[in-house]
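# Structural features, examined
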Amino acid sequence: GTWNCHIHTDHIGAAIEAGITAGRPYKIKVTDLLEQAAAEALHAESGSPAPASFQPLPEFAAAPIGVVPVVVGEGLVAAFRQLGAQGVVSGGQTMNPSTQDLLEVVEAVPAEKVIVLPNNKNIVPVARQLDALTEKEVLVVPTTSVPQGLAAMVAFVPAGEDDRVVDAMAGAAHSVTTGEVTRAVRAATTEAGAVQEGDWLGLRDGVIAVVRSDPGEALRALLGALVDEESELVTMLVGADARAEDTEAALAWVAKHHPEVEVEVTDGGQPLYPYLLSVE
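As the structure is a computational prediction, the values presented were derived from the model and not from experiment.

### Examining the pattern of salt bridges
Under the definition given, this model contains 5 salt bridges. Where E161 meets R164, a salt bridge forms, and the shortest distance between an N and an O atom there is 3.8 Å. For the pair E161 and R164, a shared accessibility class is recorded, and that class is exposed. Among the ionic pairs, D246 bridges to R243, the shortest N-O distance being 2.7 Å. Given the relative accessible area of 32%, R243 is considered partly exposed. Several salt bridges converge on common partners, so that one network encompasses D214, R243, E245 and D246.

Written out as structure tokens, the structure is:
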């Protein structure tokens, strides 16, 4: 009496209505295959290491608690490795891994207790299914962005008590304000103004705060929305498609308007998002 339906259609509403007519649908997931294909193509071009090739640092390889983040981009993978990840799952943003993708890496890492960092709001519910599918104990710190994931990793203590480690990582993740610069794939109306396909967007904690026609302008405007008198540190993760002149202009903007704020720049290599930011 239970059926799993996988449907390809341009008429999403009609497909869901058909399910309601037939019974009671649940766990509905809608994926834009055009966006997914574009993301996968960019990921393939980025040269990010596949999860199978990932090797944790020796001091974390046998840790009793392991961490598995979802991340793409050679520089970002290296950053999570440096902070203690035992394995990584390639994905994020529009390229969301399946439960099976996550499960394979969780099963492959040495630790019997594994903390998963989804780094995307759409991956959080998928990650929460893992504990019931494996004999390992799987805990989820519900990070919704890569900057949150990196902040959580800073608080990771591989030999600590499970609950305290998870609470500390979750607290660290939510102590930072995050920013993202990306390009609009469709027209929309937002609180930040009208968006046309191809516009550059600046997101503050996942919400569109800036709309500009140029990525450098979007980055500087987003910094203006994120950085204030109480800010001490800006971490800038530079993506594969970022322009050097935009990065330099952003550094000059911070130096002029907030000279007391330190800026750390890391080559993340992530596709689709030329800049990921965190402000503390």
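### Overview of the confidence of the model for the protein chain
In regions of low pLDDT, the predicted coordinates are not meant to be interpreted in detail. Chain-level pLDDT for the protein chain is 90 on average; 91% of the residues reach the 70-or-more range. Below a pLDDT of 50 lies the segment residues 42-51, which in the model reaches 21 contacts outside its immediate sequence neighbourhood of four places, other chains included.

### Comments concerning the pairing of strand β8 (residues 207-212)
When a strand is regular, its side chains alternate between the sheet's two faces. Across 5 bridges, the pairing between strand β7 (residues 200-204) and β8 is antiparallel. Residue pairing across strands places W200 opposite R212, the latter belonging to β8. Between β7 and β8, which pair antiparallel in sequence order, lie 2 residues; one of them, D205, sits at a positive phi of approximately 50°.

### Considering the pairing of strand β2 (residues 113-117)
Taking burial as the measure, the 5 residues of β2 include 4 buried ones, the bulk of the element. Pairing between strand β1 (residues 65-69) and β2: 5 bridges, direction parallel. By the bridge assignment, V67 is partnered in β2 with I115. As paired strands, β2 and strand β3 (residues 137-140) are joined by 4 bridges and run parallel to one another. Residue pairing for β3: K113 is matched across the bridge by E137.

### Focus: the packing of aromatic side chains
Counted under the stated rule, the structure contains 1 aromatic pair. Between the aromatic rings of F60 and F156, the centroid separation amounts to 6.5 Å while the plane-to-plane angle is 35°, which identifies the pairing as tilted. Note that F60 is positioned in helix α3 (residues 58-61) and F156 in the loop between α7 (146-154) and α8 (162-173), a separation of 96 residues in sequence. Here F60 and F156 have matching classes, each one buried.

### So, unusual backbone geometry
One non-glycine residue, K27, adopts positive backbone phi at about 55°. With respect to the helices, strands and loops of the structure, K27 is situated in the loop between α1 (12-22) and α2 (33-46). For L272, which is not glycine, the phi torsion reads 70° and is therefore positive. Among the structural elements, L272 can be located in the loop between β10 (262-267) and β11 (275-279). The class of L272 is partly exposed, set by a relative accessible area of 28%.

### As for the sheet that holds β3
Spatially, the 3 strands line up as an open sheet ordered β1-β2-β3, and their pairing is parallel. The open sheet terminates on both sides in strands that have one partner only, identified here as β1 and β3. Averaged over neighbouring strand pairs, the angle between their axes works out to 25° when direction is ignored.

### Some thoughts on α8
It helps to recall that an α-helix has 3.6 residues per turn; residues three or four apart then point in one direction. Look at α8: 17 Å from first C-alpha to last across 12 residues, which is about the 16 Å you get at 1.5 Å a residue. Along α8, the residues that are buried comprise D162, V165, V166, M169, A172 and A173. What you see down the axis of α8 is that its buried residues fit within an arc of 130°, all on one side. Seen from the buried face of α8, the exposed residues on the opposite side, beyond 90 degrees, are D163, R164 and D167. Where α8 is buried, its residues meet β1, β2, β3 and α7.

### Re the nonpolar core
Within the largest apolar cluster, 28 residues are counted, with the highest numbers of intra-cluster contacts made by F80, I115, L117, V146, F156 and M169. Once residues lying within four places of it in the same chain are set aside, the contact partners of F156 are F60, I65, V67, L83, G84, V165 and M169. With 20 residues, the next largest nonpolar core counts A218, V234, W253 and V254 among its residues.

Cut-off values and rules
- Residues numbered from 1 in each chain as written.
- Predicted model: local features only at pLDDT ≥ 70, side-chain atom pairs only at ≥ 80, totals over all residues.
- Heavy atoms only, no water.
- Salt bridge = Lys/Arg side-chain N within 4 Å of Asp/Glu carboxyl O.
- Buried < 20%, exposed > 50% of the residue type's maximum accessible area, 1.4 Å probe, protein only.
- pLDDT = per-residue confidence, 0-100.
- Contact = heavy atoms within 4.5 Å.
- Pairing = 2+ DSSP bridges.
- Helix = DSSP H or I, 4+ residues; strand = E, 2+ residues; numbered from the N terminus.
- Phe/Tyr/Trp six-rings, centres within 6.5 Å; stacked < 30°, edge-to-face > 60°.
- Axes fitted to C-alpha atoms, helices over the stretch in contact; angles between N-to-C directions.
- Expected span 1.5 Å × (residues − 1).
- Arc of directions from axis to C-beta.
- Core = buried A, V, L, I, M, F, W, Y, C linked by side-chain atoms within 4.5 Å.

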